[in-house]
Amino acid sequence: VAGLCGPLRANLLIDTADLDMSMAMHRVLLWICKEFGIPTPQLKWYVDNRDGENGMIQRLREETGCSKTKAKQLFTSPYTSDKPVRVRNSTFHASLDKEAKEIQKALLARPELQWIKQYCNEGNGGVAGSFIAHLYHFVECKLLMAVSSAISAEFNVAIAALVFDG
């Protein structure tokens, strides 16, 4: 089901409810960093101020003329790439990107997370970006399975599909 285009999937799952977590990667990273005592003022600001007419997504769209999808990507890429992600004329994005690289280094250094490195590769985001993506997906999967089980048990319903859309 995950590989289907959105409109086709929507028709197949027409009698189902869609539950989606807003800013999943950012919220999960914020929680992980809090658990490890890693400061994240820029990430916290983004999570608290992402949406709305004065939100960070809208602000970046106005500053760059990019689409909403591209703006979202520009706020996720700093965490999943070990190379600087540059956005012209955005001082907030530059500070968020700088903090994202510090978060990568701090999490890469955690002894409890060393097991993730064996799954990382140099690919598009480099080892640091791959590490963050793997860490996020690990936590996301645990969270998704727990929520899925809780919903299924609480409401006595079958789960039609678990879809990653990010």
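Before reading further, recall that the structure is shown in the block above.
All values reported here derive from a predicted model rather than from experimental measurement.

**Q** Help me understand the overall build of the protein in this model?
**A** Secondary structure assignment for the protein yields seven helices and zero strands. Viewed in the frame of its principal axes, the protein has a C-alpha envelope of about 45 × 40 × 30 Å. A buried classification covers 35% of the 166 residues belonging to the protein. Of the contacts formed within the protein by residues at least 6 apart in sequence, a portion of 48% connects residues at least 24 apart. Surface accessibility of the protein: about 10,400 Å² in total, with carbon and sulfur atoms responsible for 55%.

**Q** Even after reading the chapter, I still don't get the packing of helix H2 (residues 24-35) against helix H5 (residues 68-80), so can you show me in this structure?
**A** Each pair of packed helices gets described by two things: the angle between the helix axes and the distance between those axes. Closest axis-to-axis distance for the H2/H5 pair is 10 Å, and the angle between their directions is 40 degrees. With respect to H5, the element H2 is oriented oblique. Classified by chirality, the crossing of H5 by H2 is left-handed. Contacts from Met-25, His-26 and Leu-29 of H2 reach H5 at Phe-75, Thr-76, Tyr-79 and Thr-80.

**Q** Explain the side chain of His-93 here, please?
**A** Its location among the elements puts His-93 in helix H6 (residues 91-108). Assessed through its relative accessible area of 0%, His-93 is described here as buried. Apart from the residues lying within four places of it in its own chain, the contact partners of His-93 are Leu-74, Phe-75, Pro-78, Val-85 and Val-87.

**Q** Looking at this model, I keep getting lost on H6. Mind explaining?
**A** Working note: α-helix, 3.6 residues per turn, so residues spaced by three or four point in the same direction. Here H6 contains 18 residues, and its C-alpha end-to-end distance of 26 Å stays within 8% of the 26 Å for a straight helix at 1.5 Å per residue. Those residues of H6 that sit buried are Phe-92, His-93, Leu-96, Asp-97, Glu-99, Ala-100, Lys-101, Ile-103, Gln-104, Leu-107 and Leu-108. Against H2, helix H3 (41-48), helix H4 (56-64), H5 and helix H7 (126-155) lie the buried residues of H6.

**Q** Got a minute to help me understand a nonpolar patch on the surface in this structure?
**A** Together, Leu-144, Met-145, Phe-155, Val-157, Ile-159 and Leu-162 line one region of the surface with nonpolar side chains, adding up to about 520 Å² of accessible area. Structurally, the position occupied by Leu-144 is in helix H7. Relative accessible area serves as the criterion here: at 36%, Leu-144 is assigned to the partly exposed category.

**Q** Would you explain the nonpolar core in this entry?
**A** Across soluble globular proteins, nonpolar side chains have a tendency to be buried as a group. Core analysis: the biggest nonpolar cluster contains 37 residues, and Tyr-46, Phe-75, Tyr-79, Leu-107, Phe-131 and Leu-135 have the highest contact counts within it. Of all the secondary-structure elements, those providing two or more residues to this core are H2, H3, H4, H5, H6 and H7. Here the element with the most residues in this core is H2; it accounts for seven residues. When neighbours within four sequence positions are excluded, Tyr-46 is seen to be in contact with Met-23, His-26, Met-56, Ile-57, Phe-75, Phe-92 and Leu-96.

The rules behind each value
- Residues numbered from 1 in each chain as written.
- Predicted model: local features only at pLDDT ≥ 70, side-chain atom pairs only at ≥ 80, totals over all residues.
- Heavy atoms only, no water.
- Helix = DSSP H or I, 4+ residues; strand = E, 2+ residues; numbered from the N terminus.
- Buried < 20%, exposed > 50% of the residue type's maximum accessible area, 1.4 Å probe, protein only.
- Contact = heavy atoms within 4.5 Å.
- Areas by Shrake-Rupley, 256 points an atom, 1.4 Å probe, with all protein chains shown as cover.
- Axes fitted to C-alpha atoms, helices over the stretch in contact; angles between N-to-C directions.
- Parallel < 35°, antiparallel > 145°, perpendicular 65-115°, else oblique.
- Left-handed = near helix turned anticlockwise from the far one by under 90°.
- Expected span 1.5 Å × (residues − 1).
- Patch = residues over 30% accessible without salt bridge, like charges linked within 9 Å, V, L, I, M, F, W, Y side chains within 5 Å.
- Salt bridge = Lys/Arg side-chain N within 4 Å of Asp/Glu carboxyl O.
- Core = buried A, V, L, I, M, F, W, Y, C linked by side-chain atoms within 4.5 Å.

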